[in-house]
Amino acid sequence: MLVNDIPNVTISACNLSRNFGKHTAVHQVDLELRRGEVLGLLGPNGAGKSTTMQMLTGNLAPTSGSVQICGIDLLKHPQQAKCYIGYLPENPPLYKELTVDEYLRFAARLHHVNLSRIDSVLTEVKQRCGLNDIGKRLINTLSKGYQQRVGIAQAIIHQPEVIILDEPSIGLDPNQIREIRILIRELGKASSVILSTHILPEVEGVCDRVQIMNQGTMVFSAALAELKQKNLNLERIFEQFTLRNGHTGN
Amino acid sequence: MILTIASKELKLLFVSPLAWTFLALIQLMLTWVFLGQLDAFLELQSQLMQIANPPGATEVIIVPVFAVASLVLLVATPLLTMRLMAEEWRNHTMTLLISAPISLTAIVVGKFLGLMIFFLLAMLLAVLLSLSLLIGGTMDLGLLLSNMIGLSLLAACFISIGLYISSLTSHPAIAAVGTLGILLALWIADVVATNTSSVIQNFSLLRHYESFNRGLIDSFSLAFLVLFILTFLILTIRRLDGKRLHG
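Thresholds applied
Residues numbered from 1 in each chain as written. Chains lettered and ligands numbered in written order. Predicted model: local features only at pLDDT ≥ 70, side-chain atom pairs only at ≥ 80, totals over all residues. Heavy atoms only, no water. Helix = DSSP H or I, 4+ residues; strand = E, 2+ residues; numbered from the N terminus. Rg over C-alpha atoms; globule rule 2.2 N^0.38 Å. Buried < 20%, exposed > 50% of the residue type's maximum accessible area, 1.4 Å probe, protein only. Contact = heavy atoms within 4.5 Å. Lys, Arg positive; Asp, Glu negative; His and termini not counted. Charge placed at Lys NZ, Arg CZ, Asp CG, Glu CD. Areas by Shrake-Rupley, 256 points an atom, 1.4 Å probe, with all protein chains shown as cover. Buried area = accessible area lost by both parts, 1.4 Å probe. Salt bridge = Lys/Arg side-chain N within 4 Å of Asp/Glu carboxyl O. Polar contact = N/O pair within 3.5 Å; in protein donor to acceptor, adjacent residues only side chain to side chain. Nonpolar A, V, L, I, M, F, W, Y, C, P; charged D, E, K, R; others polar. Pairing = 2+ DSSP bridges. Axes fitted to C-alpha atoms, helices over the stretch in contact; angles between N-to-C directions. Parallel < 35°, antiparallel > 145°, perpendicular 65-115°, else oblique. Left-handed = near helix turned anticlockwise from the far one by under 90°. Domains from an automatic or database assignment.

Let us now look at the overall build of chain A. When you go through chain A residue by residue, the secondary structure sums to nine helices and 10 strands. Its C-alpha atoms give chain A a radius of gyration of 18 Å, within 12% of the compact-globule value 18 Å for 250 residues. Based on the C-alpha atoms only, the size of chain A along its principal axes is roughly 55 × 40 × 40 Å. The buried share of chain A, taken over its 250 residues, is 54%. Relative to all contacts within chain A whose residues are 6 or more apart in sequence, the contacts with residues 24 or more apart total 68%. Computed over 26 positive and 24 negative side-chain charges, the separation of the two mean positions in chain A equals 1 Å.

A count of helices and strands for chain B gives nine helices and zero strands. Element order for chain B, N to C, with α for helix and β for strand: α-α-α-α-α-α-α-α-α. Against the globule reference of 18 Å for 247 residues, chain B gives a C-alpha radius of gyration of 20 Å, in line with a compact fold. Dimensions of chain B, computed from C-alpha atoms along their principal axes, come out at roughly 70 × 45 × 25 Å. A total of 247 residues make up chain B; the buried ones form 49% of that total. Taking the intrachain contacts of chain B between residues at least 6 apart in sequence as the baseline, contacts between residues at least 24 apart amount to 77%. Taken as a whole, chain B presents about 11300 Å² of accessible surface, with 71% of it coming from carbon and sulfur.

Let us look at the interface of chain A and chain B. Listed as interface residues are 27 residues of chain A and, on the opposing side, 26 residues of chain B. A combined buried area of about 2400 Å² lies between chain A and chain B, and 66% of that area is made up of carbon and sulfur atoms. For chain A, the biggest contributors to the area lost against chain B are Asn59, Tyr95 and Leu110 of chain A; these three give 24% of the whole. If you look at where chain A meets chain B, you find zero salt bridges. The interface formed by chain A and chain B contains nine residue pairs in polar contact (both at pLDDT 80 or more). Where the side of chain A that touches chain B is concerned, the elements lending two or more residues are strand E1 (9-20), helix H2 (78-82) and helix H3 (100-110) of chain A. The biggest single contributor to the side of chain A that touches chain B is H3 of chain A, with five residues. Residues belonging to the side of chain A that touches chain B are distributed by class as follows: 14 nonpolar, eight polar and five charged.

This part is about the sheet that holds strand E4 (residues 64-69) of chain A. Residues and elements named next belong to chain A. Ordered by their spatial adjacency, four strands build an open sheet running E2-E1-E4-E5, and the pairing between neighbours is antiparallel. At either margin of the open sheet sits one strand with a lone partner, and together these are strand E2 (23-34) and strand E5 (72-73). Examined bridge by bridge, E4 and E5 share two bridges and lie antiparallel to one another. Note on E5: the bridge partner recorded for Gln68 is Asp73. Across the face of the sheet, helix H1 (residues 49-56) comes into contact with E1, E2 and E4 while running at roughly 120 degrees to E1.

A few words now on the sheet that holds strand E3 (residues 38-42) of chain A. All names here are of chain A. The strand order E6-E7-E8-E3-E9-E10 describes an open sheet built from six strands, whose pairing is mixed. Two strands bound the open sheet, and with one partner strand each, they are strand E6 (85-88) and strand E10 (217-223). Looking at each pair of strands side by side, their axes are set apart by 15 degrees on average, direction ignored. Judged from the four bridges that link them, E3 and strand E8 (residues 192-196) form a sheet pairing that is parallel. Along E8, the bridge assignment pairs Gly40 with Leu195. Contacts from helix H5 (residues 144-156) reach E6 and strand E7 (162-166), with the element oriented near 165 degrees to E6.

Time to look at the packing of H3 of chain A against helix H4 (residues 118-129) of chain A. Residues and elements named next belong to chain A. Interhelical geometry of H3 versus H4 gives an angle of 120 degrees and a closest axis separation of 10 Å. Here H4 runs oblique to H3, going by the angle between their axes. When the axes of H3 and H4 are compared, the crossing they make is right-handed. On H4, the residues touching Asp101, Leu104, Arg105, Ala108 and Arg109 of H3 are Ile118, Asp119, Leu122, Val125 and Lys126.

Moving on, we come to the domain arrangement of chain A. All names here are of chain A. Domain assignment breaks chain A into domain 1 (1-84 + 162-170 + 184-250) and domain 2 (92-159). Computed over C-alpha atoms only, the centres of domain 1 and domain 2 are separated by 25 Å. On the domain 2 side, the residues contacting the eight residues of domain 1 number eight residues. Where domain 1 packs against domain 2, one counts one salt bridge. Among the salt bridges present, the one from Arg128 reaches Glu186, with a minimum N-O distance of 3.3 Å. Inspection of the domain 1/domain 2 interface yields three residue pairs in polar contact (both at pLDDT 80 or more). Broken down by class, the residue content of the side of domain 1 that touches domain 2 amounts to six nonpolar, no polar and two charged.

See below:
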């Protein structure tokens, strides 16, 4: 498929629900993302952010609802749809016994990157994620921050249309966080990015749109520009939408 | 894609000392048996000549070597298969494979193939050892071939069941114990069944292997072993899919 054929809406999830036994983790969540948009997914622990992301990447089948990635139904044609997704889960999926180069090469092959292009892709992604000098090191010996970066590199190595990052800045030092934010903004220009986080300034720094989840439902959705215009404070909104329901829950 | 997964499995195997230890150990055991049998054969040779239709060198030396190889395999397989799936769950690396645009079948078959190539490598050592007999005389190559087919099928059975058990848990140790338990149970299945025509006997993997070991390529055994492999590969694929559906 040519790049031009890909519609402007990259992710559209409709009525997404997921039950674990009797417990409802995610309840009728709608989500839409356009190309060039960065969406921040907020919510307290256990709000269902990770579950939603797992459903968007095909790691978990939704109990009901549908997901379309670049116009392709994820549930009906998982292999085609997954070509467009890059995913960094909560725990970066790293083979600790491999070196950074070996690992990224494997990730690239998994995503059908051509053998002839692999070297150039590898150099580029290492450049972007600041992994230039540590290609030969074992992942096991890297610090948490570097491991996180390898995780991000793995997610963007095939230049996906949709990048889903579950708490990407966890374990990074302030300098690295700034670099990662710059990287995410850069990625957001060419593709669409969903990131979940607990750090509110991060959302204000990199996101175009914010959605807040609480107890499995989407409780708030707005463009950040709109919030700024109305002079609303994200922290106050977060408290308002998550604390209130939290109290009724107790 | 299958080959990508298989080569990754091989790489992970060979960066750990376990694989090298296994190769060294199996070679040591087989050479020991080989030399012992060779010695016995040379001693008995003059007496064997007097019997009509005497057993040849292949029967006296190679058959026991392959019989021992099957036992070593039975003990070693759980240690090698335990991490195939369990460790992927444990280290959350399965997410990488599931999120990639490849089918569950490719993941399972790739993993199976990776370990199979490793076992074939181990078997190659045994075959080279056997072929060294050609330096001093002639061999029954047909018998060797039947042993090779039998041992590869047996190894494939062991791997497929180990792979399935490994997909059931996220603790490699539990996977190893479970696999060993089942393999031992399948091994003694024919000891338990006192009646020779008992159905249970058919489930003894080593019994099927014995016919290959004797040089008999039995189509029933062949079919049984192939079906056994396929069954557990399919169960593993179903298990992966079930994990996605049920969490």
